[in-house]
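Topology and contacts: notes
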Amino acid sequence: MTDLKTALDRLNRAVDRLEGAAAQCLDRTDDEKRRLSAELQLLHAEYSSLSGTTEQVSRHLDDTIARLETVIGVQEDTLSDGARGAKP
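Residues numbered from 1 in each chain as written. Predicted model: local features only at pLDDT ≥ 70, side-chain atom pairs only at ≥ 80, totals over all residues. Heavy atoms only, no water.

Brief notes about the overall build of the protein chain
Which entries qualify depends on this criterion: The way it works is that DSSP assigns letters per residue, a run of H or I at least four long becomes a helix, a run of E at least two long becomes a strand, and they are numbered from the N terminus. Only protein chains enter the area calculation, which uses a 1.4 Å probe; residues under 20% of their type maximum are buried, those over 50% are exposed, and those in between are partly exposed. For the accessible areas, the method is Shrake-Rupley and the probe is 1.4 Å, while residue cover comes only from the protein chains on display. For this count, His and the chain ends are skipped, Lys and Arg are scored as positive, and Asp and Glu as negative. Here the site of a charge means NZ on Lys, CZ on Arg, CG on Asp, or CD on Glu.
When you go through the protein chain residue by residue, the secondary structure sums to 2 helices and 0 strands. Overall size of the protein chain, expressed as C-alpha extent along the three principal axes, is 90 × 50 × 5 Å. Taking all 88 residues of the protein chain together, 0% fall into the buried category. About 8,100 Å² of surface is accessible on the protein chain, with carbon and sulfur atoms providing 59% of the total. Here the protein chain contributes 12 positive and 17 negative side-chain charges, whose respective centroids are spaced 3 Å apart.

Right, dumping it as structure tokens:
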């Protein structure tokens, strides 16, 4: 029964918060709504830009890692060939 009471209390608090948020939204003026909408559009644009930059950096890092792996592989092959050549 305690779990059910706890769940009901949490639900009631969540509904209260939703009602409060809805009341604040309805109380906002059209100017506030337009300002918030403009800010949200700017944030979306910034997010898109940052996402693109993140993808570009990730690709560059992947390319660099691949090149390093190639260099390390060539060095290991060279060392292995040198060691084989040193054996009688």
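Quick notes on the pattern of salt bridges
The cut-off we apply is this: Salt bridges are defined by distance alone: a side-chain nitrogen of Lys or Arg within 4 Å of a carboxyl oxygen of Asp or Glu.
Under the defined criterion, the tally for this structure stands at 2 salt bridges. Between D31 and R34 there is a salt bridge, and its shortest N-O distance comes to 2.5 Å. Taken as a pair, D31 and R34 lie in helix α2 (residues 30–86) at a separation of 3 residues, close to a single helical turn. R34 carries the same exposure label as D31, and that label is exposed. One salt bridge in this structure joins R35 and E39, with 2.5 Å as the shortest N-O distance.

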